[in-house]
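Chain and residue survey
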Amino acid sequence: MATEEHKELAYYIKEVHASLRKSSSKIGFRRAWLEHCKNESILKKYAKCMERLATVHWDSNCLDKSNAVVSRIQWSADYCYNYYINEHYLKFRDREIDISQKININIDTSEQFSLPLKLLDVGSCYNPFKMYTFLDVLPIDLCPANNSVYQCDFLNVVIGKETIIESQNIKQLEQNSYDIVTFCFLLEYIPNSELRIEACVRAYNLLKSGGILIINTPDSKHVGANSKLMKCWRYTLACLGFSRIKYEKFKHMHCLVFRKSLHKDIAIRWTTLCKEPIMEYGLFIPQDFLSEKEEDDHTNLDKASIICNNDSATITEHFDELPFSYDE
Ligand SMILES: C[S@@+](CC[C@H](N)C(=O)[O-])C[C@H]1O[C@@H](n2cnc3c(N)ncnc32)[C@H](O)[C@@H]1O
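Residues numbered from 1 in each chain as written. Predicted model: local features only at pLDDT ≥ 70, side-chain atom pairs only at ≥ 80, totals over all residues. Heavy atoms only, no water.

**Concerning the UniProt feature "binding site: S-adenosyl-L-methionine" (unreviewed entry) in the protein**
In the numbering used here, UniProt assigns the feature "binding site: S-adenosyl-L-methionine" (unreviewed entry) to Gly123 and Asp141. Over a stretch of 19 residues, the named residues converge on one spot in the fold, their C-alpha atoms separated by at most 4.5 Å. Residue placement: Gly123 occurs in the loop between strand 1 (117–122) and strand 2 (135–141). Not counting chain neighbours up to four residues away, the residues in contact with Gly123 comprise Ile140, Asp141, Cys184 and Leu186. Assignment of secondary structure puts Asp141 in strand 2. Dropping the residues within four chain positions of it, Asp141 is found in contact with Gly123, Ser124, Cys125, Val149, Tyr150, Gln151 and Cys152. Engagement of the side chain of Asp141 in a polar contact is seen with the backbone nitrogen of Cys143, the distance being 2.9 Å. (UniProt positions renumbered as here; feature names shortened; annotations may be inferred. Helix = DSSP H or I, 4+ residues; strand = E, 2+ residues; numbered from the N terminus. Contact = heavy atoms within 4.5 Å. Polar contact = N/O pair within 3.5 Å; in protein donor to acceptor, adjacent residues only side chain to side chain.)

Written as structure tokens, this is what we have:
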């Protein structure tokens, strides 16, 4: 059972996401985004709420073994360890070499990495990856919750030949230089599909060949409920040059890993061979399809759950594991 504080923090987070989506549909997503980024008091309150929600409530759920809870951070770090240090990447590289021979393309790159692995944590908030010594983390956020995180709007930062940092602000990020980019509960903050795709294109440009984009996205419904959206994500990211190499559904989140293929045409080939009629180009989330009234009703339901002290299914975040997982 979620505590009162847990519910109130989660309510505030969701309310910020919902109001950004609403203003995007009213005034256009680019203007809504710029106005949102100027609203310092909301950004600061969000950062404090998110840090407390994650470090006090979600982390204690993960520590309680009886919950069998999976941490999104631990899951992502474990994947990085297995992919690079336990050399799981070799399996995906071999498969890509095979495909390249079938479609007559020349592969002139391979994975080039050394320890510690370079990880860009986009929307880091409070730097949850800092404890992993095999990772060299650059944590960035629109509004950092503490001094270990750099201020940066990922949707607008320049991508160029080198990283430029002035005091705690990132002015430019170095292209093709990261082993890992993480979007941990980031995409549902971004108010529409077009901006989410822009974020993924940016991740692509920042990753080295064979590097991985890890996406964790919350969803409390059963695995089939949003499977169409997940297929669209796979298709869309393949059009950008990413191959999906891992998908796992837990009770309250999807965890996905996409590899920047050694050649874009390898990922694009998948779209021509495997496209199903329901696969559309777009990174939609279930909330995108709510009418303004339905969005308000959800918000009111969450508010009622706080006032009446009962547990609403939309607000709890227990992250109990469901047995649904496969390697691609
Ligand atoms: C739901 S929080 C997730 C925080 C953390 N990754 C976690 O899993 O606990 C989303 C974070 O993304 C940040 N964010 C959203 N859009 C961003 C952007 N364009 N550039 C940088 N950070 C962004 C927000 O400020 C917020 O801290």
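**A look at the site of the ligand**
Surveying the vicinity of the ligand reveals 18 residues, the closest of which are Arg72, Gly123, Asp141, Asp153 and Cys184. In this structure, a nitrogen atom belonging to the ligand sits 2.9 Å away from a main-chain N or O atom of Phe154. Burial of the ligand by the surrounding chains reaches 98%, relative to a free accessible area of 600 Å². Built from parts of two domains, the shell around the ligand gets at least three residues from each of domain 1 (4–61 + 293–320) and domain 2 (72–274). (Near = heavy atom within 4 Å. Areas by Shrake-Rupley, 256 points an atom, 1.4 Å probe, with all protein chains shown as cover. Domains from an automatic or database assignment.)

**Considering the pattern of salt bridges**
Applying the stated criterion across every chain, the model contains 15 salt bridges. The salt bridge partner of Glu4 is Lys7, with a shortest N-O separation of 3.6 Å. Residue Glu4 and its partner Lys7 are located together in helix 1 (residues 4–27), separated by three residues, close to a single helical turn. Put simply, Arg30 and Glu198 hold a salt bridge, and the shortest N to O gap is 2.6 Å. Highlighted residues: Arg30 in helix 2 (residues 29–38) and Glu198 in helix 6 (residues 193–206), separated in sequence by 168 residues. In this structure Arg30 comes out as partly exposed when scored by relative accessible area, which is 43%. A network of salt bridges, in which partner residues are shared, links Arg93, Glu96, Glu111 and Arg259. (Salt bridge = Lys/Arg side-chain N within 4 Å of Asp/Glu carboxyl O. Buried < 20%, exposed > 50% of the residue type's maximum accessible area, 1.4 Å probe, protein only.)

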